[in-house]
Amino acid sequence: MQPMHQIPARGGLNYDEAPFLAIWEITQSCDLACKHCRAAAQPIAHPDQLTTDEGKALIDQIADLHVPIFVFTGGDPLKRQDIYELIRYAASKDVKVAVTPSATPLLTREAIFKMKEAGVVRLGISLDGSCPEIHDNFRGLPGAWARTIQAVEWAGEAGLPIQVHTTISRHNAHDLDNLCALFEKLAIVMWNVFFLVPVGRGQLDDLLSGEEFEQVFGKIYELSHRVNFQIKTTEAMHYRRYLLQHKLEERQFGHVGHPVAAYEPGAPTADAQARTHGWATRRVNDGKGFMFISHVGNVYPSGFLPIHAGNIRQTPLADIYRNAPIFKALRDTSRLEGKCGACEYKEICGGSRARAYALTGDPLAQEPCCIYQPRNWTPLVDGDQPAACQPELSGTLVHLN
């Protein structure tokens, strides 16, 4: 029988062969100083960042791997002078590119229309609060909220679909209803709810507890039944477990969907709900259907899991993704430790490997912010203490800067 971690993922993709999503940090240069930033962004570009030709060679490799989603991120992608040239090149190779610019004065109406013309298929904008007081404090720049709202409106004019990214932590967990009301007015297509991983400027004190994760999951689940946009979670793999548990409960008690979805005006279509649930069950995890390429060409399982797996200047991207020890280990759920290893949901969840590493130093340790107790799990007498980081998996431990 084929091992579970080698079975092709939902939709026919085999995550042992190629990722579903690849992110290229095309520069670390940025004019913001966001509290959660893992990039330690700075105004001046790194002198050794990938050149235009090297960027095009990377795009060629992404095209050869047939990666469905390729994201240009930063820093601020608009700080690169060749951004439009790179977008056009990707489009010529039939690589679908999304861009996540920062809300700075560089994000003009002209820039948005120019990105659309060059071939961008979706714009990712960060919005962490329903009002300026919450968002601007988090982003470290007065006026960022207003500039973000303006950018979303310009993208609407350009016919460029908008995906909003929200980092959930203690500063805004109370604001989700108000955020969704705002998103409805802005007519976004997807809300990406990112759960904090305490690296870079992300602080441990801002991290939600396991109980608070469950509360936010409940709110997201409720909102998913009454909004007209998709909801996707990032670094909250255990939301998939939460989702399946509640779908099973609904079936057990004879409920089809949520009463709000069935009876309230403006409820989401069945297609919107299906695509939301489809995202939740793709089984993507750090290094498993996901890869991150840094501004200097280093490859990591995630932008929040700083274990160096190789550099595209020396090794082909496909070889790194398929053969680097850390990538292979992260795709093998039999190597998960603690209650994640015993969990009946580990094939669809697996816990945040980045958060496990950030809090324990071990990328295979159990998810630190999950309160679920697997059916076959017997906690250790002295508590669930994960093992120390295994040297053979660690590679070169570095900060992504």
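Note that the structure is a prediction, hence the values are computed from the model and not measured.

### Focus on the overall build of the protein chain
- Along its length, the protein chain carries 15 helices and 11 strands.
- Out of the 401 residues belonging to the protein chain, those deemed buried represent 58%.
- Sequence-distant contacts in the protein chain: of pairs separated by 6 or more residues, those separated by 24 or more amount to 74%.
- Roughly 16,700 Å² of accessible area belongs to the protein chain as shown, and the carbon and sulfur atoms make up 53% of that amount.

### Let's talk about the pattern of salt bridges
- Counted under the stated rule, the structure contains 16 salt bridges.
- With a closest N to O distance of 2.9 Å, Asp 177 and Lys 219 form a salt bridge. Within this pair, whereas Asp 177 is found in helix 6 (residues 176–186), its partner Lys 219 is found in helix 7 (residues 210–224), the two being separated by 42 residues in sequence.
- A salt bridge links Arg 241 to Glu 214, with the shortest nitrogen-to-oxygen separation between them at 2.8 Å. Of this pair, Arg 241 sits in helix 8 (residues 238–252) while Glu 214 sits in helix 7, and the two are 27 residues apart along the sequence. Residues Arg 241 and Glu 214 agree in their burial class; the two are buried.

### A short note on the nonpolar core
- Counting residues in hydrophobic clusters, the biggest one holds 103 residues, and the most contacted among them are Phe 70, Phe 72, Ile 112, Met 115 and Trp 191.
- Once you skip the residues sitting within four places of it in the chain, Phe 72 turns out to touch Trp 24, Ile 26, Ile 59, Pro 77, Ile 83, Leu 86, Ile 87, Val 97, Ala 98, Val 99 and Thr 100.
- Core analysis: the next-biggest nonpolar cluster, separate from the first, contains 7 residues, Met 237, Cys 343, Ile 348 and Tyr 372 among them.

### Considering the environment of Arg 226
- Here Arg 226 lies in the loop between helix 7 and strand 7 (230–234).
- Judged by its relative accessible area of 28%, Arg 226 falls in the partly exposed class.
- Remark: the alpha-carbon pair of Arg 226 and Cys 180, spanning 46 residues in sequence, is separated by 9.7 Å.
- A distance of 2.8 Å separates polar atoms of two side chains, one belonging to Arg 226 and the other to Glu 222.

### Topic: the sheet that holds strand 6 (residues 190–195)
- Spatially, the 9 strands line up as an open sheet ordered 7-6-5-4-3-2-1-8-9, and their pairing is mixed. Because the sheet does not close on itself, it has two edges, and the strands there are strand 7 and strand 9 (299–300).
- As defined by bridge partners, strand 8 (residues 290–293) adjoins strand 9 across 2 bridges and the pair is classed as antiparallel. Of the residues in strand 9, the one forming a bridge with Phe 292 is Tyr 300.

### Let's talk about the packing of helix 3 (residues 109–118) against helix 5 (residues 144–158)
- The contact between helix 3 and helix 5 brings their axes to 9 Å, and the two run at 40°. Between helix 3 and helix 5, the crossing angle belongs to the class labelled oblique. Relative to helix 5, helix 3 is oriented so that their crossing is right-handed. Two secondary-structure elements touch here, helix 3 through Arg 109, Ile 112, Phe 113 and Lys 116 and helix 5 through Ala 151, Trp 154, Ala 155, Glu 157 and Ala 158.

### Considering unusual backbone geometry
- With an omega dihedral of 25°, the bond running from Gly 74 to Gly 75 counts as a cis peptide bond.
- Relative to the helices and strands, Gly 75 resides in the loop between strand 2 (69–73) and helix 2 (83–92).
- The backbone phi angle of Asp 94 is positive, close to 60°, even though this residue is not glycine.
- Mapping Asp 94 onto the fold places it in the loop between helix 2 and strand 3 (97–99).
- The exposure class assigned to Asp 94 is exposed, which follows from its relative accessible area of 62%.
- At Ala 187, a residue that is not glycine, the phi angle is positive and equals roughly 60°.
- Along the chain, Ala 187 turns up in the loop between helix 6 and strand 6.

### Details of the confidence of the model for the protein chain
- Mean pLDDT over the protein chain stands at 85; residues scoring 70 or higher make up 80%.
- Here residues 1–8 is a poorly scored stretch, pLDDT under 50, and it has 13 contacts once near neighbours within four places are set aside; other chains count.
- Every residue in residues 382–401 scores below 50 in pLDDT, and together they form 47 contacts with partners more than four places removed in sequence or on other chains.

### Some words on the pairing of strand 4 (residues 122–126)
- When strand 3 meets strand 4, the two strands line up parallel, connected through 2 bridges. Note that in strand 4 the partner of Val 99 across the bridge is Leu 123.
- Handedness of the crossover joining strand 3 and strand 4 through helix 3: right-handed.
- In this sheet, strand 5 (residues 162–168) lies alongside strand 4 in parallel orientation, the contact comprising 4 bridges. For Leu 123, the partnering residue across the bridge sits in strand 5 and is Ile 162.

### Quick notes on the packing of helix 2 against helix 3
- Contact geometry of helix 2 with helix 3 gives a least axis separation of 8 Å together with a crossing angle of 25°. Relative to helix 3, helix 2 is oriented roughly parallel. Each of Tyr 84, Ile 87, Arg 88 and Ala 91 in helix 2 lies in contact with helix 3, whose residues at this interface are Ala 111, Lys 114, Met 115, Glu 117 and Ala 118.
- Tallied by class, residues from the contact of helix 2 with helix 3 come to 6 nonpolar, no polar and 3 charged.

### Description of helix 14 (residues 353–360)
- Of the positions making up helix 14, those classed as buried are Arg 353, Ala 354, Arg 355, Ala 356 and Tyr 357.
- Directly beyond the C-terminal end of helix 14, a positive phi value near 85° is found at Gly 361.

### Thoughts on the pairing of strand 6
- Most of strand 6 sits inside the fold, with 6 of its 6 residues counted as buried.
- Burial along strand 6 is two-sided: the residues Met 190, Asn 192 and Phe 194 and Trp 191, Val 193 and Phe 195 are all buried.
- Handedness of the crossover joining strand 5 and strand 6 through helix 6 is recorded here as right-handed.

Parameters at a glance
- Residues numbered from 1 in each chain as written.
- Predicted model: local features only at pLDDT ≥ 70, side-chain atom pairs only at ≥ 80, totals over all residues.
- Heavy atoms only, no water.
- Helix = DSSP H or I, 4+ residues; strand = E, 2+ residues; numbered from the N terminus.
- Buried < 20%, exposed > 50% of the residue type's maximum accessible area, 1.4 Å probe, protein only.
- Contact = heavy atoms within 4.5 Å.
- Areas by Shrake-Rupley, 256 points an atom, 1.4 Å probe, with all protein chains shown as cover.
- Salt bridge = Lys/Arg side-chain N within 4 Å of Asp/Glu carboxyl O.
- Core = buried A, V, L, I, M, F, W, Y, C linked by side-chain atoms within 4.5 Å.
- Polar contact = N/O pair within 3.5 Å; in protein donor to acceptor, adjacent residues only side chain to side chain.
- Pairing = 2+ DSSP bridges.
- Axes fitted to C-alpha atoms, helices over the stretch in contact; angles between N-to-C directions.
- Parallel < 35°, antiparallel > 145°, perpendicular 65-115°, else oblique.
- Left-handed = near helix turned anticlockwise from the far one by under 90°.
- pLDDT = per-residue confidence, 0-100.
- Right-handed = clockwise from strand over helix to strand, strands pointing away.
- Nonpolar A, V, L, I, M, F, W, Y, C, P; charged D, E, K, R; others polar.

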